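Commentary on secondary and tertiary structure
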Amino acid sequence: RFDLFGFAMIGLTLASLHAYLDGGGRRQLWFALGFFTLQTLTSGHAAVFLVVAILTVLAYRVALGEPILLWRRIRDFGIPGVLLFGLHLVMTLQA
């Protein structure tokens, strides 16, 4: 059996991240965090590929000269972002 769900969240995470970086609202960032959390819970190996892909997208955006806007990114993270990332940490530390 070839299980595709282990890699299914990579595309959704990157699509949500692109939408957020292209001017989408904070909801797109929360979707990206949610898909990232699902990916890390389903497959640790694929999560490593996802982290590399996210870092590549961010490096590409910086290389194009887009402003980083760190404080806006932190503000957009918000309470749902903290909860999603906290869920990821709790599930990872239990394993």
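Look up a bit, the structure's there.
Residues numbered from 1 in each chain as written. Predicted model: local features only at pLDDT ≥ 70, side-chain atom pairs only at ≥ 80, totals over all residues. Heavy atoms only, no water.

What about the nonpolar core?
- Counting 13 residues, the largest nonpolar core has I10, L14, L17, L21, L50, I54 and V57 as the members making the most contacts within it.
- Elements with a minimum of two residues in this core: α1 (5-21), α2 (26-42) and α3 (44-63).
- Sequence-distant contacts of V57, defined by excluding residues within four places in its chain, comprise L14, L17, H18 and L21. (Core = buried A, V, L, I, M, F, W, Y, C linked by side-chain atoms within 4.5 Å. Buried < 20%, exposed > 50% of the residue type's maximum accessible area, 1.4 Å probe, protein only. Helix = DSSP H or I, 4+ residues; strand = E, 2+ residues; numbered from the N terminus. Contact = heavy atoms within 4.5 Å.)

Quick look at α3
- For α3, with 20 residues, the first-to-last C-alpha span of 29 Å sits near the 28 Å given by 1.5 Å per residue.
- All buried positions along α3 are accounted for by A46, A47, L50, A53, I54, V57 and R61. Mapping the buried residues of α3 onto a view down its axis gives an arc of 115°, with all of them on the same face. Summarising the geometry of α3, the exposed residues directed more than 90 degrees from the buried face are H45, V48, F49, L55 and A63. (Expected span 1.5 Å × (residues − 1). Arc of directions from axis to C-beta.)

Thoughts on the layout of surface pockets
- Volume-wise, the largest pocket comes out at about 620 Å³.
- In this structure, the largest pocket is lined by 22 residues; those nearest its centre are L17, L29, I54, L58 and R73.
- Take the lining of the largest pocket: its biggest share by element is 6 residues, from α3. (1 Å grid on protein atoms, 1.4 Å probe; cavity = no way out; pocket = protein on both sides within 12 Å on 5 of 7 lines; lining within 4 Å. Points joined across faces, edges and corners; volume = space filled by probe spheres on them.)

Quick look at unusual backbone geometry
- Positive phi is not limited to glycine here, since L69 has a value of about 50°.
- For L69, the location among the structural elements is in the loop between α3 and α4 (70-94).
- With a relative accessible area of 41%, L69 lands in the partly exposed category.

Things to note about the packing of aromatic side chains
- By the definition in use, this model includes 1 aromatic pair.
- On the basis of an interplanar angle of 20° and a centroid distance of 6.3 Å, the ring pair of F31 and F35 is categorised as stacked. With F31 and F35 both in helix α2 and 4 residues apart, this pair spans about one turn of that helix.
- Accessibility expressed as a relative area gives 41% for F31, which makes it partly exposed. (Phe/Tyr/Trp six-rings, centres within 6.5 Å; stacked < 30°, edge-to-face > 60°.)

Things to note about α2
- Taking 1.5 Å of rise per residue, 17 residues should cover 24 Å, and α2 covers 25 Å from first to last C-alpha, within 8% of that figure.
- Restricting attention to buried positions, one finds in α2 the residues L29, A32, L33, G34, F36, T37, Q39 and T40.

A look at the side chain of T37
- Tracing the chain through its elements places T37 in helix α2.
- According to the relative accessible area criterion, T37 is buried, its value standing at 4%.
- Only 2.9 Å separates the side chain of T37 from the backbone oxygen of L33, close enough to count as a polar contact.
- If near-sequence neighbours (up to four positions away) are discounted, T37 is found in contact with L84, L87 and H88. (Polar contact = N/O pair within 3.5 Å; in protein donor to acceptor, adjacent residues only side chain to side chain.)

Any link to function would need more than the numbers given here.
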